[in-house]
Amino acid sequence: MWRRSGGVVDGVSATVRASNAVSLWCGGRGVDHLVVGGVRGSSYASSAASTATPQSPKTAVVLLNMGGPPTQEEVLPFLTRLFSDNEIIQLPLSPAFQQRWIGPLIAKRRSPRIAQQYAAIGGGSPIFSWTEKQGNAMVKLLDSLSPATAPHKAYVAFRYAPPLTEDTLNEMKRDGVKRAVAFSQYPQWSCATTGSSLNELWRKVHALGMEDSIKWSVIDRWGTHPRFIEAVAKVVTDGLNKFPTPEDRKDAIILFSAHSLPAKIVNKGDPYTLEVGSTVNKVMELLGYSHRYMLSYQSQVGPAAWQGPATITTATALGRKGHRNVLVVPIAFTSDHIETLFELDIEVKHAANEAGVANYIRAPALNGEPLMFQAQAEIVNTHLHTFAAGAAAEAAGLVTTTTTTTQQQHTAAFTSNRSPTLSTSKMSWQTYVDSNLVGSQ
């Protein structure tokens, strides 16, 4: 059984039960259409984020994220899984053809350059180690906050890198898990991120015959949760304090950067950009709108249109307009990985410095920030108690839940072969910077 939680503030207000759960997330095509495409399952031994205990955990919390290759040797398998996922890379091809041929081909062409990028940041992605640390700290707090659902155990399930979803589910099966929360580590919802991870989770649950062995519920977005906003505001302040002088600090422009999405997905109504904007607004509201700020998007891939403006283009334009102090804040990431450590810290920084930004500073990622641990624990705690109250009310006949029997009820907007055309603005980047620099005089 699946129960979903959603909501603008705390991610726990609504509930849905689905007989075909994959239909809830982004028009997933279901298990019958899944083609592995030559990518073998990971041999990763353990997916648990916390140390195994003699007794089965009463509640499992599964942290869902994209993941990253832990070594350079894992770069090709990682990219193959990524480019074979037609829920994020939407090509005008059949899913089977994309997964079997096109995804592996693109991955093979790109992997040498991407491997060099990972070499530049130490040889592999730190995202698993940070997610593991956050999971351990979260469940420790959660055991105190919610003794009725303790002991809790955190698991990590990555979409494209070990530990993969199937590995995690097998670990949970060995641990005897009966109750689990799928907790997306993407604070803002998108079909291409949270949706893809949830679709994959359901496919693997079905493939392993685990539909009835675990009672699931879902936390799918939490980008404006008050404690999360506090955590982001804290790292923004930490970043501002790195500027060399009070004058530079006061003069700094805050450039929030989120992972971009293909325009095709945005144009179909994906709420990601709106939710990212809501997070930014809440952070600046908490900071008293102390500085001028902008929002940009990074990590665009290929020739197709993606959500902009691009972070590297915006940072460069700021430098050329004479802005010497820029603080870049990752706003849609829960920890460091290649997009912060290489793209922001090396590529964007170099371009900004070349354009005239004298003090380019990147705010710390949330990584080991205690407020982040507290936010995660509070979100899950509220969810667990809301879930229990809703289940009790449903059992008493006080409320009903929506049951779905067909994918078409939920996926019409995301399975259409046509989408609105993204118009390209003729406005120059200089004009864009002038007109969109919030708080400029």
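Located above this text is the structure these notes cover.
Residues numbered from 1 in each chain as written. Predicted model: local features only at pLDDT ≥ 70, side-chain atom pairs only at ≥ 80, totals over all residues. Heavy atoms only, no water.

1. Some thoughts on the sheet that holds strand E8 (residues 325-330)
- Read from one edge of the open sheet, 4 strands run E7-E6-E8-E9, paired in parallel fashion. Two strands close off the open sheet at either side, each with one partner strand: strand E7 (293-298) and strand E9 (359-362). Across the sheet, the mean angle separating the axes of adjacent strands is 25 degrees when strand polarity is ignored.
- Examined bridge by bridge, E8 and E9 share 4 bridges and lie parallel to one another. Note that in E9 the partner of Asn325 across the bridge is Asn359.
- In this fold helix H10 (residues 311-320) packs onto strand E6 (253-259), E7 and E8, with an angle of close to 140 degrees to the strand it touches most, E7. (Pairing = 2+ DSSP bridges. Helix = DSSP H or I, 4+ residues; strand = E, 2+ residues; numbered from the N terminus. Axes fitted to C-alpha atoms, helices over the stretch in contact; angles between N-to-C directions. Contact = heavy atoms within 4.5 Å.)

2. A short note on the packing of helix H3 (residues 127-145) against helix H12 (residues 370-395)
- Contact geometry for H3 and H12: axes closest at 8 Å, N-to-C directions at 50 degrees. On the basis of the axis angle, H3 is oblique to H12. When the axes of H3 and H12 are compared, the crossing they make is right-handed. Residue-level inspection shows Lys133, Gln134, Ala137, Met138, Leu141, Leu142 and Leu145 of H3 in contact with H12, the latter providing Met372, Phe373, Gln374, Gln376, Ala377, Glu378, Val380, Asn381, Leu384 and His385.
- Among the residues forming the contact of H3 with H12, the class breakdown is 10 nonpolar, 5 polar and 2 charged. (Parallel < 35°, antiparallel > 145°, perpendicular 65-115°, else oblique. Left-handed = near helix turned anticlockwise from the far one by under 90°. Nonpolar A, V, L, I, M, F, W, Y, C, P; charged D, E, K, R; others polar.)

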